[in-house]
Amino acid sequence: MITVSGLTKQYGGRTVVDDVSFTLEPGTVTGFLGPNGAGKTTTMRMTTGLVPSTAGSAFVDGRPYAALPNPGAVMGTLIDASAVHPGRTGRTHLRLLADTIGVPASRVDEVLELVALTGAARRRIGGYSLGMRQRLGIAGALLADPPVLMFDEPANGLDPEGIRWMRGLLRGHAARGGTVLLSSHLLGEVEHTVDRLLVIGGGRIVADGPVASLLGSDGTSVRSADPAGLAADLAAKGFEVSPGDDGALVVVGAAPGDVGAVAAAGGHMLSELRPLQRGLEDVFFSLTAAA
Amino acid sequence: MTTAIVSPSRPVVARRTSPSVPRQVGLEIRKSLSTRSGLAVAGAAVLFAPAAMAIAAGASSEPLSTVTGPIVVTGMLSALALISLGVLATAGEWTHGTVQTTYLLEPRRSRVLATKAAAVAVMGSVFAVVAAGLASGVLALLEPGASWNGGGRAVLMIAVAGAAFALIGAGVGAAVGNTAGALTGIYLLDLGVLPILQVVKPAFADKVDPGNAVLSLAQGTHQALSITILVAWVGVATVAGAVMTRRRAVQ
C-alpha cells in the first residue's frame, strides 16, 4: 500500500534522508524507528508531498499522494498534533475535515467517542492538553476509516491507558487488512505493537525486517548444579561458553534444545534453561550508533 | 480513554473524489469564519463604514451634495479591514500549522489557493456591500436631503474594493506565510508608504494607489487606469502567493 523508492532529501549540501526505500504491505504494523533527526518525519512528509523530495518517489495505493482523488479517504495521517487552530472547537475542527473528506457529520461524533473526547468536543482546542490534541489528531485520521494509517509519534502526551488503547487500535486496524506505519522513539511502545521494524539512522535505512528476526537470539542461558562440568561438556561439543550472572553459563549462539541435549547426555541437573534475546534497545543502539 | 473500539460500527463511505470547487470555496469560508479572529475582522469590516459615516455625517455642518464620496471613503475603511481577512485565510494557516492538514486533504496547492482566493473574494464583496449598505442607511437618516445619484455605483465599487483588498491580503499572506509579517508589511505599505508618496510624488501615487483607483471608479473617472491599478495589485499579490505556496515546504 505504501511504496517508497530511493527517497532522498537534501537541504543545501546536507543530506537528511538518503536513498530510503521500503514497501509496506496490508495487514502489518511497521515501526519506523530512529533517533531524533534521523529523518523519520522528513520521510513521512515527503511521502505525503508536504516536503518536496530531492530524488526518489513515494506511492500510496499505487499513486503519488498528490494524485489520490481523495487522499484523506485512503491514508489517515497524523504528523503534528499541534497543527490545529487553537480558536476552533474540537468538533468544528473535525466537522471541517469530515466535510472535506466527504464523510457524514455523524462520523464526527463516532470518532470523538472513539478517542474519548466527546466531553471536550465543544471546547476550544487551545485549552486541550497535548494528549487531547494527540487524540484529536488520531480522530481526524480515522474519520474515513482509511486503509492506510501513518502516525508520527502518536503516543506523545498519551497516558499509559491511552498508549494501550492506541496499540489495540493499530493492531486491530492491521488485523482488518489495514496498513500502518508508526514512527516512534518510545522503544517499548514499538516493540509491543509492530510486526516489522524499519530502523533509520543518519538518514539511511540501517535495518528492515520482522521484529523477531531483528531482535534475534544471542544464545542460551543455562544454570546447572555442576557448572564447571557442564561447561566442559559443552566446550567438548564445540559450543562457546562464557560465565553469566550468578553462576549461570551463557552458551553463545546455541539454541536451548541443543544445550539441553548436551546436559541430558552428560547427566547434568538443570535449574534454568532459557533463550537469551537482545532487547529492542540493544538492537536500536547497535544499529543507529554507527549511522 | 476507556473504549477500545477497533472498527467502526458500520462501514464508513467517504466521497470518492475531492470536494467540488464550490463546496471547497464554502469550506474555506467556513474555515475563515470559524475562528474568533476571522469573525472579529468580518465584524469590524461590516461596522467600520457605518460607524465612520455616523461620525462624519454627525460632525458635518454643510449640506451634502452627493452620497458617492462619503460612501466610497467610509467603505474603503471596511475594505482596508478586509485585507486582514485575506491575510488570515492564507498566512493564518502557515502561522498555526493548519496548512499541514489542508494539504494532506487537498495536496493540489494551486487548487487550494484558487479556492481560498474565491472564498475571500466572495466574503470581501459581501461584507463590503453590507458595510456600504449600512453606511448608506446611516447617511439616509442623517442627510435626508442628499442626492443619491451615483449611490448604487458607489456601493458596487465598494463591493469590488472589498473583493480586491481581500484578495490582495490573501496573496500577500500566502507569499509571506506569516500572519504578523504579512499584516505589518501590507498595512505599512498602504497606510504608511502610499500616503507619504501622495505628499512627495502625488502624480506617481495616483498611478499606484488602489484606494484612489476605487474612488476614481466610483466617480467614473480614469476608468482604464483604475482598473489596471486594481488588477495589478491583485495580480502581483496572487502570483507571488501562488509561487511561494508551491515552493514552500510544510515543516
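Refer to the structure above for everything that follows.
Presented here is an overview of the structure given in this document. (Residues numbered from 1 in each chain as written. Chains lettered and ligands numbered in written order. Predicted model: local features only at pLDDT ≥ 70, side-chain atom pairs only at ≥ 80, totals over all residues. Heavy atoms only, no water.)

**So, the overall build of chain B**
Along its length, chain B carries ten helices and zero strands. Going from N to C terminus, chain B has its helices and strands arranged as α-α-α-α-α-α-α-α-α-α. With the C-alpha coordinates of chain B rotated into their principal frame, the extents come out at 75 × 40 × 30 Å. Scored against the burial criterion, the 251 residues of chain B give a buried share of 49%. Of all intrachain contacts in chain B linking residues separated by at least 6 positions in sequence, the fraction that spans at least 24 positions is 78%. If you sum the accessible surface of chain B, you get close to 11,200 Å²; carbon and sulfur atoms cover 70% of it. With 17 positive and 8 negative side-chain charges, chain B shows a spacing of 20 Å between the two charge centroids. (Helix = DSSP H or I, 4+ residues; strand = E, 2+ residues; numbered from the N terminus. Buried < 20%, exposed > 50% of the residue type's maximum accessible area, 1.4 Å probe, protein only. Contact = heavy atoms within 4.5 Å. Areas by Shrake-Rupley, 256 points an atom, 1.4 Å probe, with all protein chains shown as cover. Lys, Arg positive; Asp, Glu negative; His and termini not counted. Charge placed at Lys NZ, Arg CZ, Asp CG, Glu CD.)

**Focus on the pairing of strand 9 (residues 204-210) of chain A**
Residues and elements named next belong to chain A. By the bridge criterion, six bridges tie strand 8 (residues 196-201) to strand 9 in an arrangement that is antiparallel. Note on strand 9: the bridge partner recorded for Gly 201 is Arg 204. Hairpin geometry of strand 8 and strand 9 is characterised by an intervening segment of two residues between the two adjacent antiparallel strands and by a positive phi of about 60° at Gly 202. (Pairing = 2+ DSSP bridges.)

**Quick word on the packing of aromatic side chains**
For the coordinates displayed, the defined rule picks out two aromatic pairs over all chains. Plain terms: the ring middles of Phe 22 of chain A and Phe 32 of chain A are 5.9 Å apart, the flat faces sit at 55° to each other, and that makes the pair tilted. You can see Phe 22 of chain A sitting in strand 2 (residues 14-24) and its partner Phe 32 of chain A sitting in strand 3 (residues 28-33), a full ten residues away along the chain. For the pair Trp 94 of chain B and Tyr 103 of chain B, a centre-to-centre distance of 6.2 Å together with 65° between the ring planes defines the contact as edge-to-face. Side by side, Trp 94 of chain B and Tyr 103 of chain B carry an identical accessibility label, which is buried. Positioned over the ring face of Trp 94 of chain B is Arg 248 of chain B, at 4.6 Å from the centre of the ring. (Phe/Tyr/Trp six-rings, centres within 6.5 Å; stacked < 30°, edge-to-face > 60°. Lys NZ or Arg CZ within 6 Å of the ring centre and 35° of its normal.)

**Digging into helix 9 (residues 227-236) of chain A**
Residues and elements named next belong to chain A. Among the residues of helix 9, Gly 229, Leu 230, Ala 231 and Leu 234 are the ones counted as buried. Buried residues in helix 9 make contact with strand 10 (219-224), strand 11 (240-243), strand 12 (249-252), helix 10 (256-266) and strand 13 (270-276). Looking one or two residues past helix 9, Gly 238 carries a phi angle of roughly 90°, positive in sign.

**Considering the interface of chain A and chain B**
If you look at the interface, chain A gives 53 residues, while chain B gives 40 residues. Looking only at chain A, the three residues that lose the most surface to chain B are Leu 50, Asp 99 and Thr 100 of chain A, adding up to 15% of its buried area. Summed over the shared surface of chain A and chain B, the result is one salt bridge. Measuring nitrogen to oxygen at the nearest pair gives 2.4 Å for the salt bridge that ties Arg 30 of chain B to Asp 99 of chain A. At the junction of chain A and chain B, the tally comes to 15 residue pairs in polar contact (both at pLDDT 80 or more). For the side of chain A that touches chain B, the secondary structure elements donating two or more residues are helix 2 (71-74), helix 3 (90-101), helix 4 (106-114) and helix 6 (160-175) of chain A. The dominant element in the side of chain A that touches chain B, judged by the number of residues it contributes, is helix 3 of chain A, at seven residues. (Buried area = accessible area lost by both parts, 1.4 Å probe. Salt bridge = Lys/Arg side-chain N within 4 Å of Asp/Glu carboxyl O. Polar contact = N/O pair within 3.5 Å; in protein donor to acceptor, adjacent residues only side chain to side chain.)

**Some details on unusual backbone geometry**
In this model, Asp 19 of chain A sits at a positive phi of 55°, which is unusual for a non-glycine residue. Tracing the backbone through its elements, the reader meets Asp 19 of chain A in strand 2. Judged by relative accessible area, Asp 19 of chain A falls into the partly exposed class, the value being 44%. Positive phi is not limited to glycine here, since His 222 of chain B has a value of about 45°. Its place among the elements puts His 222 of chain B in the loop between helix 9 (210-219) and helix 10 (223-247). Under the relative-accessibility criterion, His 222 of chain B is labelled exposed at 57%.

**Let's talk about helix 7 (residues 179-200) of chain B**
All names here are of chain B. For helix 7, which comprises 22 residues, the first-to-last C-alpha distance of 30 Å matches the rise-based estimate of 32 Å (1.5 Å per residue) to within 8%. Of all the residues in helix 7, the buried ones are Thr 179, Ala 182, Ile 186, Tyr 187, Asp 190 and Leu 194. Buried residues along helix 7 sit against helix 3 (68-96), helix 6 (151-176), helix 8 (202-208), helix 9 and helix 10. Between a side-chain oxygen at the N-terminus of helix 7 and the backbone nitrogen of Ala 180 the separation is 3.2 Å; the capping residue is Asn 178. (Expected span 1.5 Å × (residues − 1).)

**Focus: the sheet that holds strand 11 of chain A**
Residues and elements named next belong to chain A. Pairing in this open sheet of four strands is antiparallel, and the strands run 11-12-10-13 from one edge to the other. Lying at the two open borders of the sheet, with one neighbouring strand each, are strand 11 and strand 13. Along the sheet, successive strands turn relative to each other by an average axial angle of 25°, direction set aside. Relative to strand 12, strand 11 runs antiparallel, the two being bridged by four bridges. (Axes fitted to C-alpha atoms, helices over the stretch in contact; angles between N-to-C directions.)

Any link to function would need more than the numbers given here.
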